[in-house]
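Single-letter residue listing:
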Amino acid sequence: MLDESLLEDPEALARADRRALLRGAAEAGARVRTAVRFAAEAGVNELKPDGRPRAVLIAGPGTASVGVAELLDTLAGVSCPVTRIHPTGVAPAAGALRWELPGWAGPVDLLLIATPDGTEPGLSILVDQAYRRGCTVVAVAPARSPITDAVTGAHGLFVPMATAPYEQEEPLTASAPGVLWALLTPLLVLLDRTGLLSAPPDALERVADRLDRVAERCGPAIATYGNPAKNLAAELAESLPVIWTEGVSAAPAGRRFAAALAELAGRPALTAQLPEALASHNILLSGALAAGADPDDFFRDRVEEAQALHARVVLLRDRPIGGLSAAPAARELALGHGTAISELEPEDGDELETLAELIAITDFAAVYVALASGA
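Residues numbered from 1 in each chain as written. Predicted model: local features only at pLDDT ≥ 70, side-chain atom pairs only at ≥ 80, totals over all residues. Heavy atoms only, no water.

## Side note on the state of the cysteines
Note: disulfide means a covalent bond formed between the sulfur atoms of two cysteine side chains.
Argument step 1. Throughout the structure, instances matching the rule amount to zero disulfides.
Argument step 2. C80 carries a free sulfur, and the closest cysteine sulfur to it, the one in C135, is 12 Å from it.
Argument step 3. The exposure class of C135 is buried, given its relative accessible area of 7%. (Disulfide = S-S within 2.5 Å. Buried < 20%, exposed > 50% of the residue type's maximum accessible area, 1.4 Å probe, protein only.)

Quick look at the structure:
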């Protein structure tokens, strides 16, 4: 059950926020600025690459690594393949995870390590393997974590992760709002230097400013009717989010939203890209999850029985390719099945800015769902 009254009480939200999730979301812009400074202090801005790498490999645990890999792949486009190395192991614990370089990896490839932990022995083993293969290694992790020595020993580049003092007390949640930007930003600076994507200092400053503006609009003191994140959280009460995305940048934002809802709030969600979503989710919206699938049964106990779970479409839009949009067809399909639809569309800006806005609003929404449902 989602306690919507909690959304209107900033003090109650603060008491419920034992993991400092709202604080992390509000500090996303500051986290970007700190990460840019840490990257500069580590010497990223002085690098003089000998051309572009053949491929970029990314390794790290959980949601944070997945998000970083997807965003870098989106932003790099066709300039270079970006591949995440999926971990193996018997458990998601740091000591149990293992990573293995693909057989083709060699001196012309770049290995990026992104971890909010840094204690994983498997990552240190991977760094040593990359060194023996001749791969260049760059890592972003908490300062003074064991991975630091491994990267230094492999003659790689280590950038300290931009963490806040209150995050030192307990392990970071991989999908927490501040973690993504702390890991992603130094790698954006790095890949800008290699020419794989465009993320100059002024662009990253605009991203930080955009994140600050979202924090002002979506903060706990802003009432639900004027707060897009609280409003979305309230709309998702007692529903199954069906996240449809349109535009290249919106796709990773939608997948991150689904992951954050699962990890932070314990809420399942489905995601798909338009226009394929119209076919893949058509039967879903006309089946048991449709708004009209719960008949008005006279004998149903309306006090004791839980309310039926219905789908709700969440449409995240960026600029569609070629100006063609499947959004009208999406609205028609959803409303034709009696399914409610929520829409988010960023303000104008470059790809990195619009992506940041979509991620920031949905991060706040996932946090509000988590707090209001007692997760």
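## Here we look at helix 13 (residues 327-336)
Argument step 1. Among the residues of helix 13, those classed as buried are A327, A330, L333 and A334. On an axial view of helix 13, the arc spanned by its buried residues comes to 125°, and they lie on one face. When the buried face of helix 13 is taken as reference, the exposed residues oriented beyond 90 degrees from it are E332, L335 and G336.
Argument step 2. Considering only its buried residues, helix 13 is in contact with strand 6 (239-246), helix 11 (276-280), helix 12 (282-286) and strand 8 (310-317).
Argument step 3. Note on helix 13: the residue one or two positions beyond its end, G338, has a positive phi of about 70°. (Helix = DSSP H or I, 4+ residues; strand = E, 2+ residues; numbered from the N terminus. Arc of directions from axis to C-beta. Contact = heavy atoms within 4.5 Å.)

## Quick look at the packing of helix 7 (residues 177-194) against helix 8 (residues 201-218)
Argument step 1. Two elements in contact, helix 7 and helix 8, have axes separated by 12 Å at closest approach and are oriented at 160°. One way to sum up the angle between helix 7 and helix 8 is to call them roughly antiparallel. Handedness of the helix 7/helix 8 crossing: right-handed. Taken together, the residues of helix 8 that come into contact with helix 7 (itself represented by W181, T185, L188 and V189) are L204, V207 and L211.
Argument step 2. Within the contact of helix 7 with helix 8, the residues separate by chemical class into six nonpolar, one polar and no charged. (Axes fitted to C-alpha atoms, helices over the stretch in contact; angles between N-to-C directions. Parallel < 35°, antiparallel > 145°, perpendicular 65-115°, else oblique. Left-handed = near helix turned anticlockwise from the far one by under 90°. Nonpolar A, V, L, I, M, F, W, Y, C, P; charged D, E, K, R; others polar.)

## With respect to the environment of A260
Argument step 1. In this structure, A260 sits in helix 10 (residues 250-265).
Argument step 2. It is 9.9 Å that separates the C-alpha atoms of A260 and F364, two residues lying 104 residues apart in sequence.

## Let's talk about the environment of P177
Argument step 1. With respect to the helices, strands and loops of the structure, P177 is situated in helix 7.
Argument step 2. Looking at P177, the relative accessible area reads 3%, which means it is buried.
Argument step 3. Considered as a pair, P177 and A20 are 157 residues apart in the sequence and their alpha carbons are 9.9 Å apart.
Argument step 4. Beyond its immediate sequence surroundings of up to four residues, P177 is in contact with L21, G24, A25, R256, D363 and V367.

## Thoughts on the side chain of D109
Argument step 1. Mapped onto the fold, D109 is located in the loop between strand 2 (82-84) and strand 3 (110-114).
Argument step 2. With a relative accessible area of 2%, D109 lands in the buried category.
Argument step 3. One polar contact links the side chain of D109 to the main-chain amide nitrogen of G106, over a distance of 2.8 Å.
Argument step 4. When neighbours within four sequence positions are excluded, D109 is seen to be in contact with R54, A55, W104, C135 and T136. (Polar contact = N/O pair within 3.5 Å; in protein donor to acceptor, adjacent residues only side chain to side chain.)

## Considering the environment of L309
Argument step 1. Of note, L309 is situated in the loop between helix 12 and strand 8.
Argument step 2. The spacing of L309 and W181 is 128 residues in sequence and 33 Å in space, taken between C-alpha atoms.
Argument step 3. Beyond its immediate stretch of four places on either side in the chain, L309 contacts E238, S239, L240, A288 and L289.

## Some points on the sheet that holds strand 2
Argument step 1. As summarised here, the arrangement of the five strands in space is 2-1-3-4-5, forming an open sheet in which the pairing is parallel. Sheet topology places strand 2 and strand 5 (157-160) at the edges, where each strand pairs with a single neighbour. Taken pair by pair, the neighbouring strands of this sheet meet at an average axis angle of 20°, ignoring direction. (Pairing = 2+ DSSP bridges.)

## Focus: the side chain of R312
Argument step 1. Residue position: R312 is located in strand 8.
Argument step 2. A residue is classified by how much of its surface remains accessible, and R312, at 15% relative accessible area, is buried.
Argument step 3. Within polar-contact distance, the side chain of R312 engages the side chain of S342 at 2.7 Å.
Argument step 4. Aside from chain neighbours lying at most four places away, what touches R312 is E235, L236, S239, L240, P241, V242, T339, A340, I341 and S342.

## Focus: the sheet that holds strand 9 (residues 341-344)
Argument step 1. Ordered in space as 7-6-8-9, the four strands form an open sheet in which the pairing is parallel. At either end of the open sheet lies a strand with only one pairing partner, and these are strand 7 (270-273) and strand 9. Taken over all neighbouring pairs, the strand axes of this sheet differ in orientation by 20° on average, direction set aside.
Argument step 2. Direction of pairing for strand 6 relative to strand 7: parallel, over a ladder of four bridges. By the bridge assignment, V242 is partnered in strand 7 with L270.
Argument step 3. In the packing of helix 9 (residues 228-235) onto the sheet, contacts are made with strand 6, strand 8 and strand 9, and the angle to strand 9 comes to roughly 160°.
Argument step 4. In the packing of helix 10 onto the sheet, contacts are made with strand 6, strand 7 and strand 8, and the angle to strand 6 comes to roughly 160°.

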